[in-house]
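Chain and residue survey
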Amino acid sequence: MVEALQPSLLAELLRLDTPAMIRRRLAEEGYIPLGKQLAICNAVLSRRSAASYSTTTTASLASASAQASLASSSAQASLASASAQASLASSSAQASLASSSAQTSLASSSAQTSLASSSAQPRRYRVVHKPCVFIRERPSVSARCLGYAWPGDTVLVVEATTDGWLKLDGDEGWLLCDGAPLGLGALLEPTEETPHSRAVAGGEWPIVVLVTDGLCNRLRVVASYALVARREGRPLTVVWPRTRECAHGLFTDAFAPIPNVEFVEDAPEGVRPRFAPCAHDFHPAIKGTRGEDDCYELLALLPELAAAVDATVRACGPQFVSVHIRRTDHWGSTVTDADFDRFISTYPEHNVYIATDNVETQKHLMQRFRPRARVHAPICDGAGSQLRQTSLMQAVIDLYCSAAADGPFKGCPTSSFSDTIFRLRRVQHRTHPSDSHTLSDALLQYQVTLYTPGGHKTHSTRGMPCNTYSECG
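Computed from a prediction, not measured in an experiment: that's the story for all the values here. (Residues numbered from 1 in each chain as written. Predicted model: local features only at pLDDT ≥ 70, side-chain atom pairs only at ≥ 80, totals over all residues. Heavy atoms only, no water.)

What to know about the environment of Leu16
Note that Leu16 resides in the loop between helix H1 (7–15) and helix H2 (19–28). A relative accessible area of 16% places Leu16 in the buried class. Here the alpha-carbon distance between Leu16 and Leu45, two residues 29 residues apart in the chain, equals 9.7 Å. (Helix = DSSP H or I, 4+ residues; strand = E, 2+ residues; numbered from the N terminus. Buried < 20%, exposed > 50% of the residue type's maximum accessible area, 1.4 Å probe, protein only.)

Here's what the structure looks like:
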């Protein structure tokens, strides 16, 4: 994607600080469709950040830095020359130059102050304006609104501009602190409270990220951000709330601790966590790279769950295929029960491990392929009225048992659960030439799933989770 860009434009994009700045520059160059902007943006960020994978990236950045340094030196030389020439002018011109020079010096001082502020430790501010303060994409009242800060909220700020704007720590957002020009008075006030800081080696501030919705949407964010945090030598704080979309379970219910990663149910006071990139996507630094697979190697099961997986895999016999059938609130899949029947029937000598989130689907396949069908545990009758019909631990066992199949695997398109199984198979070197699954982009999954703030809505025409494929949509 980036190879099609003009070299000068690519070099400019590599020097921009945030995804929002990259997308704005692309829009100026005529790259209007959001999908194209996101694809190029992710490719640029990957090329710039994945230094451990490509020495070429490092060299490119060094070259860009050298060019910027050369341009700065040239600009300084030009200014010095202009100043020398101006000194030969009349006294009135000298006075004018002195005034201009003083203004330039003040502007330079302000810029240096702003830069110094951005490199200092974050400061805490409290929202005092009612009913709320807009979080803007840029330091401008006309910029796009990204969200809201409410009275009493405290935020961490890493930069303050001379016209009253504050840049949020670990985010692209800006807040207007001084609303006097708008007749609003003070919107935020500094507080002397100590900002949230974990005792970590090197004193690095943690990356803080919020994960939401289903299990594998969350795991994709956790694993990718943990990998990037490890590469950068920074700690990671994951805000993992208990919600019905994740069966009210926690990461620590099933997985072993990840070094230097802390899990909390609520964000620490004064910290506004970064929401993952579009649709619970991978961290931009590894998006589109082999890091999308590598990050799953950071996940390790608790001993009791690992033992349950081993026992279930042994019960599946020496040869087995696996299927994952996503139903209930997921309508993006076009794979029917009949498609899975045909896939399983192709391997009559193999047992089959069935992973599904739906009691009716599980019953159908267990009866259809008895005695070859295997599950870790039957889904309870009556679970069909629930959004999630299996527990978080049951879902994790399904993930790893399905990934362990020595025969082919078939999943559901646009399902993050099927994608996770397939990625686990790749990092465990268990892929089969006849695997029947294609990975889908997280943005595509986002677009085909009805998303509302706080989770999924059910998609059944009966107002209940879908029990069969025919009810979906």
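Picking up after the structure, the text goes on.
Brief notes about empty space enclosed by the protein
Inspection of every chain in the model, using the stated rule, returns two cavities of 30 Å³ or more. Approximately 30 Å³ is the volume found for the second largest cavity. In terms of lining, the second largest cavity is formed by Ile354, Thr356, Gln362, Val375, Ala377, Thr390, Gln394 and Asp398. Among the elements of the structure, strand S13 (351–356) and helix H11 (392–403) are those that each provide at least two residues to the lining of the second largest cavity. Partitioning the lining of the second largest cavity into residue classes produces three nonpolar, four polar and one charged. (1 Å grid on protein atoms, 1.4 Å probe; cavity = no way out; pocket = protein on both sides within 12 Å on 5 of 7 lines; lining within 4 Å. Points joined across faces, edges and corners; volume = space filled by probe spheres on them. Nonpolar A, V, L, I, M, F, W, Y, C, P; charged D, E, K, R; others polar.)

Observations concerning H1
For H1, the complete set of buried residues consists of Leu9, Leu10, Leu13 and Leu14. Taken end-on, H1 shows its buried residues confined to a sector of 140 degrees, consistent with a single buried face. Exposed and facing more than 90 degrees away from the buried side of H1 are Pro7 and Ser8. (Arc of directions from axis to C-beta.)

A closer look at helix H9 (residues 337–345)
Listing the buried residues of H9 in full gives Phe340, Asp341, Phe343 and Ile344. The arc that holds every buried residue of H9, seen down its axis, measures 165 degrees, which confines them to one face. Looking at the buried side of H9, the elements it contacts are strand S12 (320–325), S13, helix H10 (359–368) and strand S15 (409–410). (Contact = heavy atoms within 4.5 Å.)

Things to note about the pairing of strand S1 (residues 123–127)
By the bridge criterion, four bridges tie S1 to strand S4 (residues 154–160) in an arrangement that is antiparallel. Across the sheet, Tyr125 pairs through a bridge with Val155, a residue of S4. Note that S1 and strand S7 (residues 188–190) share three bridges and pair antiparallel. If you follow Val127 over to S7, its bridge partner there is Leu188. (Pairing = 2+ DSSP bridges.)

Some remarks on the sheet that holds S12
The pairing of strands in a sheet happens through backbone hydrogen bonds and is either parallel or antiparallel. The strand order across the open sheet formed by four strands is S14-S13-S12-S15, and the pairing between neighbours is parallel. Pairing within the sheet leaves two strands with one partner each, and these edge strands are strand S14 (373–374) and S15. Note: S12 against S13, six bridges, orientation parallel. By the bridge assignment, Val321 is partnered in S13 with Val352. Across the face of the sheet, H11 comes into contact with S12 and S13 while running at roughly 145 degrees to S13. (Axes fitted to C-alpha atoms, helices over the stretch in contact; angles between N-to-C directions.)

Regarding the confidence of the model for the protein chain
On average, residues of the protein chain score 73 in pLDDT, and 65% of them reach the 70 mark or higher. Considering each helix and strand of the protein chain separately, the mean pLDDT is smallest for strand S17 (residues 455–456), with a value of 33, and largest for S15, with 96. Between residues 450–473, whose pLDDT stays under 50, and residues either more than four places distant or in other chains, the model counts 65 contacts. (pLDDT = per-residue confidence, 0-100.)

What to know about unusual backbone geometry
Cis peptide bonds are those with omega within 30 degrees of zero, and the linkage from Arg370 to Pro371 qualifies with 5 degrees. Tracing the backbone through its elements, the reader meets Pro371 in the loop between H10 and S14. Here Ala247, not a glycine, exhibits a phi torsion of approximately 55 degrees, which is positive. One can find Ala247 in the loop between strand S9 (236–239) and strand S10 (261–264).

Some remarks on the nonpolar core
In this structure, Leu215, Leu236, Trp240, Phe255, Val396, Leu399 and Tyr400 are the most contacted members of the largest nonpolar core, which totals 55 residues. When residues of this core are traced back to their parent elements, those giving at least two are strand S8 (207–210), helix H6 (215–232), S9, helix H8 (303–315), S13, H11 and helix H12 (416–427). The dominant element in this core, judged by the number of residues it contributes, is H6, at 11 residues. Setting aside residues no more than four positions away along its own chain, Val396 makes contact with Leu215, Ala254, Phe255, Leu301 and Leu305. In this structure, Leu168, Trp174, Leu175 and Cys177 belong to the second largest nonpolar core, which totals 16 residues. (Core = buried A, V, L, I, M, F, W, Y, C linked by side-chain atoms within 4.5 Å.)

Here's the deal with the sheet that holds strand S5 (residues 165–168)
Ordered by their spatial adjacency, seven strands build an open sheet running S3-S2-S6-S5-S4-S1-S7, and the pairing between neighbours is antiparallel. The outermost strands of the open sheet, each flanked by one partner alone, are strand S3 (145–149) and S7. Taking the axes of each pair of neighbouring strands and ignoring which way they run, one obtains an average angle of 45 degrees across the sheet. With two bridges joining them, strand S2 (residues 133–136) and strand S6 (residues 174–176) adopt antiparallel strand pairing. Note that in S6 the partner of Ile135 across the bridge is Leu175.

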